[in-house]
Amino acid sequence: MQSSRLLLCSSQSLFGPAVTTTLPPSLRFPPHSLTIANSSPIRLQPLRFTTSSSNSPVMASKDSQVQDPRIAGISSAIRIIPDFPKPGIMFQDITTLLLDPKAFKDTIDLFVERYRDQNISVVAGVEARGFIFGPPIALAIGAKFVPMRKPKKLPGEVISEEYSLEYGTDKIEMHVGAVKSGERALVIDDLIATGGTLNAAIKLLERVEVNVVECACVIELPELKGREKLAGRSLFVLVEGEGA
């Protein structure tokens, strides 16, 4: 069974450039190997530290790791289920994260710490697991929560955005009048894979002249290249997983 790799990253920074600190030669540690019973050796690489010019605990480039103990707890709380929902898929199960109050709270806190001072008035949650993380973030930063739903789930007048799937298309919808022109929005989901749903959510908000400040996910599956689908828009994730 594969496990998630720890990562705290953003494709763009809201707070300024990150600064990587290099330890002097006398303080560097060489790679070591650790052998666990009934397992092949695990290669431990030297640690890389990233610091920031701000007080934000969530500043890192994509290829850096941050030694925040909350991230380790979040990653270890996510269960990996092989071959679900079909062979070859390493499913990232966040239900076990939700069963761990500390890891769940740490997840919300990391997002809140990043966005509380960004003048965000809309947290848009993508169905369905974006509905889990979005509302507590919205309440903590004083924003409204806007559900972005699959077709025929919202009772009022809606606007919709179509996006491509591996076979066919789907839509995401939002109530007319839920957001206003000029508002600043955060789009939240549990995971980014191919990026199609997040891209559709961004386009839907931008059609009504909302400024999408950033997309945020707990997990990213980088091998599926979802960032590329976002066409340079800012993405922030906590944990990098292996999903395919």
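Whatever comes next refers back to the structure up there.
Note that the coordinates shown come from a computational prediction; the quantities given were computed from them, not determined experimentally. Position numbers for residues start from 1 in each chain and track the written sequence from start to end. In keeping with the model being predicted, local features are shown solely for residues with a pLDDT of at least 70 and side-chain atom pairs are shown and tallied solely at 80 or more, while totals for entire chains, interfaces and linings include all residues. Note that water and hydrogens are dropped before the side-chain values are worked out from all heavy atoms of the structure.

**Some words on the layout of surface pockets**
Right, on to step 1. What the largest pocket holds in volume is close to 1200 Å³.
Right, on to step 2. We place a 1 Å grid over just the protein atoms. Points where a 1.4 Å probe fits but has no way out form a cavity, open points with protein on both sides within 12 Å along at least 5 of 7 lines form a pocket, and any residue with an atom within 4 Å of a point lines it. Forming the boundary of the largest pocket are 35 residues, of which Arg129, Leu191, Ala193, Thr194 and Thr197 lie nearest the centre.
Right, on to step 3. A run of DSSP states H or I qualifies as a helix once it reaches four residues; a run of E qualifies as a strand once it reaches two. Both are numbered from the N-terminal end. The element best represented in the lining of the largest pocket is strand E12 (residues 184-192), accounting for four residues.
Right, on to step 4. A class-by-class count of the residues in the lining of the largest pocket yields 17 nonpolar, seven polar and eleven charged. Grid points are joined across faces, edges and corners, and a volume is the space filled by probe spheres set on the points. In the scheme used here, Gly and all other residues not listed as nonpolar or charged are polar, with Ala, Val, Leu, Ile, Met, Phe, Trp, Tyr, Cys and Pro taken as nonpolar and Asp, Glu, Lys and Arg as charged.

**Some points on the pairing of strand E8 (residues 122-126)**
Right, on to step 1. Buried residues are those whose accessible area, probed at 1.4 Å on protein chains only, stays under 20% of the maximum for their type, while exposed residues exceed 50% and partly exposed ones sit between those limits. Counting buried residues along E8, five of its five residues qualify, which places the element largely inside the surrounding structure.
Right, on to step 2. What you see with E8 is no split at all: Val122, Ala124 and Val126 on one side and Val123 and Gly125 on the other are buried throughout.
Right, on to step 3. Only strands joined by at least two bridges in the DSSP assignment are considered to pair. Direction of pairing for E8 relative to strand E9 (residues 144-148): parallel, over a ladder of five bridges. Within the sheet, the bridge partner assigned to Val123 lies in E9 and is Phe145.
Right, on to step 4. The sheet contact formed by E8 and E12 spans four bridges and is parallel. Looking at the pairing, Ala124 lines up with Val187 of E12.

**Some words on the state of the cysteines**
Right, on to step 1. Disulfide assignment relies on a single distance test, namely cysteine sulfur atoms paired within 2.5 Å. All chains considered together, the criterion is met by zero disulfides.
Right, on to step 2. In this model Cys215 remains outside any disulfide bridge; the closest cysteine sulfur is found in Cys217, 6.9 Å from its own.
Right, on to step 3. The exposure class assigned to Cys215 is buried, which follows from its relative accessible area of 1%.

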